[in-house]
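Summary of structural features
Below are the chains, spelled out letter by letter.
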Amino acid sequence: MPNPDPLLISITAMVESTGSNQMPITVVVPGAVITGRLAAETVWRERVAEVLEASDHLKPFAPLFADGVVPPDGPVTHLHLHLAKILQGSFGLPHTGGMYRIAIEDVSSWTLGDLSYSDQ
């Protein structure tokens, strides 16, 4: 989206300022629909660092996310989703949800709430 939605930027900035990780959101980006919980960048980075730290092979990358990395001042530029899934057909990938960082300028449309499928 060449002109990112000011409302989406405001919602993301409020999530950042409160440190929340509970705002359900679904976004459309080129090639994908992603649904999950919007989180503050610091919360998101901490969680990614924990996951990397627990892996023997990926442990060296954990400091990139954890060691005093402070998000830059100024307007927010990315959404940070946890418990996120790429919606594909009748299911979401990964099944357990993942951690996604999405450039706000790439979001073409969005809605608040998680999208899920039901057989009913």
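Structure: above.
All of the points below concern the structure found in this document. The written sequence of each chain sets the order in which its residues are numbered from 1. Local features are withheld for residues below a pLDDT of 70 in this predicted model, meaning they are given only at 70 or higher, and side-chain atom pairs are given and counted only at 80 or more; totals for whole chains, interfaces and linings count all residues. Processing note: side-chain calculations cover all non-hydrogen atoms of the structure and skip hydrogens and water entirely.

**Some details on the sheet that holds strand β2 (residues 32-38)**
Should DSSP find at least two bridges between two strands, the strands are regarded as paired. Only runs of H or I of at least four residues qualify as helices and only runs of E of at least two qualify as strands under DSSP, and these elements are numbered from the N terminus. The strand order β4-β3-β2-β1-β5 describes an open sheet built from five strands, whose pairing is antiparallel. What marks the edges here is a single partner per strand, and that holds for β4 (91-103) and β5 (109-112). Taking each pair of neighbouring strands and ignoring which way they run, the sheet shows an average axis angle of 30 degrees. Pairing geometry for strand β1 (residues 23-29) and β2, over seven bridges, is antiparallel. Bridging across to β2, Pro 24 finds its partner in Arg 37. Across the sheet, helix α2 (residues 41-53) lies against β3 (78-88) and β4, angled at about 125 degrees from β4, the strand it touches most. Orientation is described by axes fitted as lines to C-alpha atoms, over the contacting stretch for helices, and by angles from 0 to 180 degrees between their N-to-C directions. For this analysis, residues touch if any pair of their heavy atoms sits within 4.5 Å.

**Here's the deal with unusual backbone geometry**
The phi dihedral of Leu 83 falls on the positive side, at around 50 degrees, and the residue is not glycine. Accessibility here uses a 1.4 Å probe with only protein chains present; expressed as a share of the type maximum, an area under 20% marks a residue as buried, one over 50% as exposed, and anything in between as partly exposed. According to the relative accessible area criterion, Leu 83 is exposed, its value standing at 51%.

**Observations regarding the environment of Val 27**
As for its placement among the helices and strands, Val 27 is situated in strand β1. Owing to a relative accessible area of 0%, Val 27 belongs among the buried residues under this scheme. Distance from Val 27 to Leu 115, taken between C-alpha atoms, is 10.0 Å for residues 88 residues apart in sequence. When sequence neighbours within four positions are dropped, the list of residues in contact with Val 27 reads Ala 32, Val 33, Ile 34, Leu 79, Ile 102, Val 107, Ser 109 and Trp 110.

**Overview of the nonpolar core**
The biggest cluster of nonpolar side chains holds 16 residues, and the ones touching the most others in it are Val 27, Ile 34, Leu 79, Leu 81 and Ile 102. Broken down by secondary-structure element, the contributors of at least two residues to this core are α1 (6-18), β1, β2 and β3. Beyond its immediate sequence surroundings of up to four residues, Leu 81 is in contact with Ile 25, Ile 34, Thr 35, Gly 36, Arg 37, Leu 38, Trp 44, Gly 98, Met 99, Tyr 100 and Ile 102. Throughout this description, the term nonpolar core refers to a set of buried Ala, Val, Leu, Ile, Met, Phe, Trp, Tyr and Cys residues connected via side-chain atoms within 4.5 Å.

**Topic: the environment of Tyr 100**
Examined against the element boundaries, Tyr 100 turns out to sit in strand β4. In sequence terms Tyr 100 and His 82 are 18 residues apart; their C-alpha atoms lie 6.5 Å from each other. Setting aside its immediate chain neighbours within four residues, Tyr 100 contacts Ile 34, Trp 44, Leu 79, His 80, Leu 81, Ala 84, Lys 85, Ile 86, Leu 93 and Pro 94.

**Things to note about the packing of aromatic side chains**
Any pair of Phe, Tyr and Trp rings, taking the six-membered ring for Trp, is counted once the centres come within 6.5 Å. Such a pair is stacked with planes under 30 degrees apart, edge-to-face with planes over 60 apart, and tilted for the rest. According to the stated counting rule, one finds one aromatic pair in the structure shown. The interplanar angle of 65 degrees and the centroid separation of 6.1 Å between the aromatic rings of Trp 44 and Phe 65 together place this pair among those described as edge-to-face. Placement of the pair is Trp 44 in helix α2 and Phe 65 in helix α3 (residues 62-66), with a sequence separation of 21 residues. Classification of Phe 65 by relative accessible area gives partly exposed; the value is 24%.

**Focus on the pattern of salt bridges**
The salt bridge criterion pairs a side-chain nitrogen of Lys or Arg with a carboxyl oxygen of Asp or Glu, the two atoms within 4 Å. Inspection of the entire model under this criterion finds five salt bridges. One continuous salt-bridge network, built from bridges that share partners, spans Glu 41, Arg 45 and Arg 101.

**Concerning the pairing of β1**
The antiparallel pairing of β1 with β2 creates a hairpin that spans two residues between the two strands, and Gly 31 there sits at a positive phi of about 85 degrees. Direction of pairing for β1 relative to β5: antiparallel, over a ladder of four bridges. Paired with Ile 25 across the strands is Leu 112, a residue of β5.

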